[in-house]
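# Architecture and fold: a report
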Amino acid sequence: MSALLEIRDVSKGFPGVQALQDVDLVLDRGEVLALVGENGAGKSTLMKILSGIYARDTGTISIDGEQVEIAGPRAAQELGISIIHQEMNLLPHLTVAQNIYIGREPRVGPMLQERALRRQTQALLDEIGIRLRPTAVVGDLTVAQQQMVEIAKALSFESTKILVMDEPTSAISISETEVLFRLIASLRERGVGIVYISHRMEELREIADRVTVLRDGRYVDTRDIGEVTDEEIIAMMVGRELSAHHEDRPERQGGDAEVVLSVRGLSTRGLLSDVSFDLHRGEILGFAGLMGAGRTETARAIIGADPISAGTIYVRGEEVRISRPDQAVRRGIGYLPEDRKRHGLMLEQDVAFNVTMSSLAQVRGPLGVLRGGKARQLASSFVDALRIKTPSTRAMVKNLSGGNQQKIVIAKWLARDCDVLIFDEPTRGIDVGAKEEIYRLLHDLAGRGKAVMVISSELPEVLRLAHRIVVMSEGRVTGELANDEADQEKVMALATKNIDEGDVA
Amino acid sequence: MTESQAPAKERQTSDEGAEAPPEQSTGGWRGRLGQGLQQLLAFGTLMALMLFFAVASPNFFTVSNLTSILLATAVIGILAVGTTFVIITGGIDLSIGTGMTLCSVVTGLLLTDMGLPLIVGVLGGIAFGALVGFINGFNVAVLGLPPFIATLAMMMVAQGLALVLSGVRPIYLSGVPGFQQIALGQLVPRIPNAVLILFALALVLGVVLTKTVLGRMTYAIGSNEEATRLSGINTRRWLLGIYALAGACTGLAGVVLASRLSSAQPQLGMGYELQAIAAVIIGGTSLLGGRGSILGTLIGALIMSVLINGLRIMAVQSEWQTVVVGIVVLVAVFADNLRKRRAEGGGRA
């Protein structure tokens, strides 16, 4: 029997770039195929060809052994191909039901049949085992639930037999990931073939059958996932071995280093309750916890981005009042937000603009006139120091890769010479090679005496980076672990600690 | 970052040397070229229009007609140059038309009823404009009102106040010695001072926008206000300053208009804001914020004046002139979109 989906020798060029060169991919019924590669390896381009957004230059695509032409997104849908994109395409003000059947609502003449729509949606959700109310407004749902809506939408097309998921877990918590994986398992039983794009190795091991690796737009290999080690996969992706693990697990930091930032009893009206911790000079302090545990909220409260209802902040022992981010920056506290594009960068501006954003005081002359040459010099010194890959300091930031964009945000705070750096998910959406480099950078920063706070949802990352780990759950600190006593189980136990139950007992 | 935004095969592994692959650079210079291209396009349009009218009518390309075009551009141009700042922050200011009227009334009262010296009347009008702008900025940046609503309200308030303060009658200023010279005097032979004021203002504000911290903040807030705030910038303070600056330009426009008409006309002004905004847009400034230039605005304002003047000389009815200007705005925005899509298409698709 022929494969469900067979892509052979597909190439695609853009002006100046050969994005794909003779790429193969074979997907069977009921199979989960992991598609991996660094950013820029061609995964998204390949998926866009599959979904009819791009037309391929050469090569063939067959479904159930028959060659097909995918003329556009609609044609892809009719051929049974559904794609769940990294960035979701839901309408936040509409309900779950309205989103799933948008453009296909049951109707009588011009009148919409809301009740029939709800029934139909309920039936669909029951069938695939998603527990959501059809009348829930999508904007009120968690990211994971929205992901579920996307999946339900993809499956609401009767014909769907090929499902592509582009980093579906990048924004959801561990428990939600489990729900997603159960759903994937049931889809696979129904014979749906799934192409699963992700950077997380453990995840791929858990659900994928085989793994296809792309590198620089070329097909590298396809292997049974049980047959290869993580190191082999990474080596295939980057084309060489990574010398990553020699600095695994940092030394435990001596407790005698100066306390740079001290937080006591921090509370906000919405979530945080009595959050206290100390951050030492030269230390990387990890913040672990589930999605919504209050880690980002803690960071935002410290820098004055959100109002606090109680609590005191001390910088080098001195009590400070911070009610706006500019006040935090004046105290030497820089925040690198979770969502770089929305909160960290001016994508349409150039590298120098972004790097010097927080330190214009250094490059301004009388009357606030900016010294362009000096600004560029400052920017390019950080471009060199952080090895930011950019054609020049005049390149627009949106044209750089995720890893380089993150480095630009780091450069912005280094240019300002902040003593306290708060990293919120520093490696989200960044590929393996660049991740290593960010890790090394964080170590360097701590080594140079900066106090570094790292919020991360990836436990291995926290365990690897942090000297100490603060674990949060439901807006409170549930524990603090030194690196040498921490492991995944202990952190998870603290992260899932239910405060209310504890109070009752 | 998704690959869709960077199909260029970047390798971010550290051991590969700092040299970037050449294809990566396309986005950079293409974006830069795009900005220049838009201005070039606007400039080309202006030249083409002038050529067309010069050929179509012998009365167009005369010194006196060109002077009158420039004079007609002055007031709208001054408004447009100021409001370019607001639009680059991603905001909009609908109050500049009636705000201008209010300022000219204030100047008129200072000079006639109160009999204050010329310089006080002029500076008073400009300062009053800055105050109006500051209040707009306060409503937007501190109270968090949407710029459209805040300035729509201010548009009405200013119109009402102009009528109340003037007693719904024009304030005649021909008796104020030297006042007319502000707009109509000729420091440079054949060129009315109003035109010099416009060009001087454009030059100064062009430098402010591109070379100073204030200009940098204008672009930054328009590119991404939240990122700017989280970068440790007091965005409220800068927005207040930017709106006040635009307001000061409104005041200056009010003084120039009153000088040109030798009177403050309380009924005038409504609709000027839309013409100024149209000039800004024709000049390639994005209503979404983060992108735009003073030079573009200047060219945009000239395009509108040339069009209206040329059509008038060709004896096109004034009703139809308005229709044509409307179509030009559509075409300009469409061309800009097309250019943007192509520029991004080159990098992406």
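Summarised in this report is the structure supplied together with it. Being a predicted model, the structure only gives us computed values, none of them experimental.

As a further point, take the overall build of chain A. Looking only at helices and strands, chain A has 18 helices and 22 strands in total. Since a compact globule built from 505 residues should have a radius of gyration of about 23 Å, the 24 Å found for chain A is in line with a globular shape. With the C-alpha coordinates aligned to their principal axes, the bounding extent of chain A is approximately 70 × 60 × 50 Å. If you take every contact in chain A between residues at least 6 apart in sequence, the share linking residues at least 24 apart comes to 65%. As displayed, chain A offers around 20700 Å² of accessible surface, 47% of which is attributable to carbon and sulfur atoms. Charge separation in chain A, taken as the distance between the mean sites of 62 positive and 74 negative side-chain charges, equals 7 Å.

A separate point is the sheet that holds strand 21 (residues 468–473) of chain A. Adjacent strands of a sheet form backbone hydrogen bonds with each other and so pair up, either parallel or antiparallel. Residues and elements named next belong to chain A. If you walk across this open sheet you meet the six strands as 18-19-20-15-21-22, and the pairing is mixed. Lying at the two open borders of the sheet, with one neighbouring strand each, are strand 18 (333–336) and strand 22 (476–482). On average, each strand axis in the sheet is inclined to that of its neighbour by 20 degrees, with strand direction left out of account. Bridging between strand 21 and strand 22 involves six bridges; their strand directions are antiparallel. By the bridge assignment, arginine 468 is partnered in strand 22 with alanine 482. Sitting on the sheet, helix 15 (residues 432–447) touches strand 15 (284–289), strand 19 (420–424) and strand 20 (451–455), and the angle it makes with strand 20 is about 150 degrees.

Further remarks concern the nonpolar core. Counting residues in each nonpolar core, the largest one holds 108 residues, and the members touching the most others are Ile410, Phe423 and Leu442 of chain A. Among the elements that take part in this core, helix 2 (residues 63–88) of chain B stands out by supplying twelve residues, more than any other. For phenylalanine 423 of chain A, the contacting residues outside a window of four places in its chain are Leu336, Ile410, Leu442, Leu445, Val452, Met453, Val454 and Ile455 of chain A. Core analysis: the second largest hydrophobic core is formed by 48 residues, Ala34, Val36, Ala152 and Ala154 of chain A among them.

Residue and element names in this part refer to chain A. Here we have four strands laid out as an open sheet, ordered 14-13-16-17, and antiparallel in their pairing. What marks the edges here is a single partner per strand, and that holds for strand 14 (275–280) and strand 17 (318–320). If you compare each strand with its neighbour and ignore which way they point, the axes differ by 20 degrees on average. In this fold helix 9 (residues 295–302) packs onto strand 13 (259–267), strand 14 and strand 16 (310–315), with an angle of close to 110 degrees to the strand it touches most, strand 13.

This paragraph deals with the packing of helix 2 of chain B against helix 10 (residues 235–261) of chain B. When two helices pack together, their arrangement is given by the angle between the helix axes and by the axis-to-axis distance. Residues and elements named next belong to chain B. Where helix 2 meets helix 10, the closest approach of the two axes is 7 Å, and the angle between their N-to-C directions is 170 degrees. Taken together, the axis directions place helix 2 and helix 10 in an arrangement best described as roughly antiparallel. Residue-level contacts link Leu71, Ala72, Val75, Ile78, Leu79, Gly82, Thr83, Phe85 and Val86 of helix 2 to Ile242, Tyr243, Leu245, Ala246, Cys249, Thr250, Leu252, Ala253, Val256, Leu257 and Arg260 of helix 10. The class makeup of the residues in the contact of helix 2 with helix 10 is 16 nonpolar, three polar and one charged.

Turning our eyes to something else, we now look at helix 5 (residues 147–166) of chain B. Residues and elements named next belong to chain B. Given a rise of 1.5 Å per residue, 20 residues ought to cover 28 Å, and the 28 Å separating the end C-alpha atoms of helix 5 matches this to within 8%. Along helix 5, the residues classified as buried are Ala150, Thr151, Met154, Met155, Ala158, Ala162 and Ser166. Buried residues along helix 5 cover an arc of 145 degrees about the axis, so they all sit on one side. In helix 5, the exposed residues that point more than 90 degrees away from the buried face are Met156 and Val164. Where helix 5 is buried, its residues meet helix 3 (96–111), helix 4 (118–142), strand 1 (171–172) and helix 11 (272–282). A positive phi of about 65 degrees marks glycine 167, the residue just after helix 5.

What follows covers the environment of leucine 173 of chain B. Residue and element names in this part refer to chain B. Position of leucine 173 relative to the elements: it lies in the loop between strand 1 and helix 6 (181–184). On the accessibility criterion, leucine 173 (2% relative accessible area) is buried. Once residues within four sequence positions are removed from consideration, leucine 173 is found in contact with Gly108, Leu111, Thr112, Phe179, Ala258, Ser262, Ser263 and Ala264.

For any pair of aromatic rings, the description consists of the separation of the ring centres together with the inter-plane angle of the planes. Counted under the stated rule, the structure contains four aromatic pairs over all chains. Seen from their ring centres, phenylalanine 277 of chain A and phenylalanine 287 of chain A are 5.0 Å apart, and the 75 degrees between their planes marks the pair as edge-to-face. Highlighted residues: phenylalanine 277 of chain A in strand 14 and phenylalanine 287 of chain A in strand 15, separated in sequence by ten residues. As far as burial versus exposure is concerned, phenylalanine 277 of chain A and phenylalanine 287 of chain A are alike and both buried. Ring centres of phenylalanine 52 of chain B and phenylalanine 53 of chain B lie 5.3 Å apart, and the angle between their planes is 65 degrees; this geometry places the pair in the edge-to-face category. A relative accessible area of 47% means that phenylalanine 52 of chain B is categorised as partly exposed. Cluster of aromatic residues (ring-pair linked, three or more members): Phe52, Phe53 and Phe60 of chain B. Sitting above the plane of the phenylalanine 157 of chain A ring, arginine 104 of chain A keeps its charged end 3.8 Å from the centroid. Here the basic side chain of arginine 237 of chain B rests over the ring of tryptophan 238 of chain B, its NZ or CZ set 5.6 Å away from the ring centre.

About the criteria used
- Residues numbered from 1 in each chain as written.
- Chains lettered and ligands numbered in written order.
- Predicted model: local features only at pLDDT ≥ 70, side-chain atom pairs only at ≥ 80, totals over all residues.
- Heavy atoms only, no water.
- Helix = DSSP H or I, 4+ residues; strand = E, 2+ residues; numbered from the N terminus.
- Rg over C-alpha atoms; globule rule 2.2 N^0.38 Å.
- Contact = heavy atoms within 4.5 Å.
- Areas by Shrake-Rupley, 256 points an atom, 1.4 Å probe, with all protein chains shown as cover.
- Lys, Arg positive; Asp, Glu negative; His and termini not counted.
- Charge placed at Lys NZ, Arg CZ, Asp CG, Glu CD.
- Pairing = 2+ DSSP bridges.
- Axes fitted to C-alpha atoms, helices over the stretch in contact; angles between N-to-C directions.
- Core = buried A, V, L, I, M, F, W, Y, C linked by side-chain atoms within 4.5 Å.
- Buried < 20%, exposed > 50% of the residue type's maximum accessible area, 1.4 Å probe, protein only.
- Parallel < 35°, antiparallel > 145°, perpendicular 65-115°, else oblique.
- Nonpolar A, V, L, I, M, F, W, Y, C, P; charged D, E, K, R; others polar.
- Expected span 1.5 Å × (residues − 1).
- Arc of directions from axis to C-beta.
- Phe/Tyr/Trp six-rings, centres within 6.5 Å; stacked < 30°, edge-to-face > 60°.
- Lys NZ or Arg CZ within 6 Å of the ring centre and 35° of its normal.

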